[in-house]
Amino acid sequence: MTDDAIADDYERRIRGAYRNVPAHASGLCGVCSAPTSGPGYELCVPCEGQANSGHRLAHGVIPLSWAPKGAQGYQDLTQYKEPTATTEQIDRLRILLWLAFTRHADCIIPDRLTRPFAVTHVPSTSGLRGELHPLEVHLLSMIATARPRATPTYVGPIGGDRNSRRTLSPDHWQIDPQTLARAQRGLILDDRWVTGSHAQSIAAAFEAMGVAARIVVLGRALDGTRTDHGNYLTANPSEPFDSNICPVHGIRHD
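Residues numbered from 1 in each chain as written. Predicted model: local features only at pLDDT ≥ 70, side-chain atom pairs only at ≥ 80, totals over all residues. Heavy atoms only, no water.

(A) Quick look at the packing of aromatic side chains. Throughout the structure, instances matching the rule amount to four aromatic pairs. For the pair Y10 and W98, a centre-to-centre distance of 5.1 Å together with 85 degrees between the ring planes defines the contact as edge-to-face. With Y10 in helix α1 (residues 3–14) and W98 in helix α4 (residues 87–108), this pair connects stretches of sequence that are 88 residues apart. (Phe/Tyr/Trp six-rings, centres within 6.5 Å; stacked < 30°, edge-to-face > 60°. Helix = DSSP H or I, 4+ residues; strand = E, 2+ residues; numbered from the N terminus.)

(B) Up close: the nonpolar core. With 33 residues, the main nonpolar core has L64, I108, L139, L187 and L218 as its most contacted residues. Secondary structure elements with two or more residues in this core: α1, α3 (72–79), α4, α5 (134–139), β6 (185–193) and β7 (212–222). Counting residues per element, this core draws most heavily on α4, at nine residues. Setting aside chain neighbours within four positions, we find L139 in contact with Y80, L93, R94, L97, P134, L189 and L218. Residues C44, C47, L180 and I202 belong to the second largest nonpolar core, which totals 32 residues. (Core = buried A, V, L, I, M, F, W, Y, C linked by side-chain atoms within 4.5 Å. Buried < 20%, exposed > 50% of the residue type's maximum accessible area, 1.4 Å probe, protein only. Contact = heavy atoms within 4.5 Å.)

(C) Seen up close, α3. Listed in full, the buried residues belonging to α3 are G73, Y74, D76 and L77. Looking down the long axis of α3, one finds its buried residues gathered within 160 degrees of arc, a one-sided arrangement. (Arc of directions from axis to C-beta.)

(D) How the structure looks around the pattern of salt bridges. Taken as a whole and judged by the stated rule, the model has 14 salt bridges. With its nearest N and O atoms 3.7 Å apart, the salt bridge here joins K69 to D223. A residue pair is termed long-range when its members are at least 10 positions apart, and K69 in the loop between β2 (66–68) and α3 and D223 in the loop between β7 and α7 (227–235) qualify at 154 residues. Residue classification places D223 among the buried positions, given a relative accessible area of 16%. Of the charged contacts in the structure, one is a salt bridge between D242 and R252, with a shortest N-O distance of 2.3 Å. Highlighted residues: D242 in the segment after α7 and R252 in the segment after α7, separated in sequence by ten residues. Bridged by salt links that share partners, the residues D8, E11, R15 and R103 form one connected network. (Salt bridge = Lys/Arg side-chain N within 4 Å of Asp/Glu carboxyl O.)

(E) A look at unusual backbone geometry. For D111, which is not glycine, the phi torsion reads 55 degrees and is therefore positive. In this fold, D111 is placed in the loop between α4 and β3 (118–121). A relative accessible area of 46% places D111 in the partly exposed class.

(F) Structural context of the side chain of D191. Considering the arrangement of structural elements, one finds D191 in strand β6. The buried category is assigned to D191, whose relative accessible area is 7%. Beyond its immediate sequence surroundings of up to four residues, D191 is in contact with L77, Y80, K81, H133, L135, V217, L218 and G219.

(G) Quick peek at α7. Listing the buried residues of α7 in full gives D228, H229, G230 and L233. On its buried face, α7 is in contact with β2 and β7.

In structure tokens form, the structure reads like this:
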């Protein structure tokens with residue numbers, strides 16, 4: 001079986017689970033791709049607040065899919081970390097990542113063969129996970145084989161309400177410069193983007209070290225019960241997932 005045939009077979013296995021991220025347009029956030037409060041807004045509310053924080057943020061945020069609540073992709077992203085996660089759920093996420101990097105690596109990581117980069121992920125902030133994060137075990141290992149690992153250590157508050165930790169706080173993360181192995185770029189893998197505060201906090205911590213950061217997100221979570229998300233999803237019905245559509249540019253490249 002050729003590589004293209006393998007890719008086509010993989011895509012059939014996830015076609016109904018995920019939704020392509022639309023090309024950037026009026027009414028979509030210029031950072032995370034989520035629907036904004038209206039056509040006159042260039043950013044969604046969380047990204048607007050982060051942009052005005054004074055911190056240097058990621059040079060790019062690349063969601064590989066949209067994940068509306070209730071869809072299979074959203075369930076995969078919320079459940080793959082649990083002991084009850086199925087093999088099929090983990091496989092779908094691995095396929096999503098594999099297809100993106102197989103078909104669009106040059107757009108996701110420009111000059112990847114000539115400009116060294118380190119890879120990392122967004123760790124848990126609860127302080128309750130003593131073992132490797134499932135993101136490391138199941139997904140990061142797919143792209144980190146020959147790359148420096150620069151995993152940050154969370155040093156912020158633990159426990160309490162999860163939403164209280166969803167703030168842009170670069171000082172809550174420590175990164176050992178030695179783990180960068182002199183790479184001047186950092187690729188941050190995140191699973192599910194809600195506000196993006198943790199991923200952007202890590203990006204800002206990298207940027208403060210002089211390391212250009214880029215974030216790759218498996219799924220941008222959307223909530224159809226919200227007016228902004230719901231109206232857009234209703235007006236733009238889902239089509240079958242097509243991995244040939246570039247997650248960076250929202251188009252097919254010739």
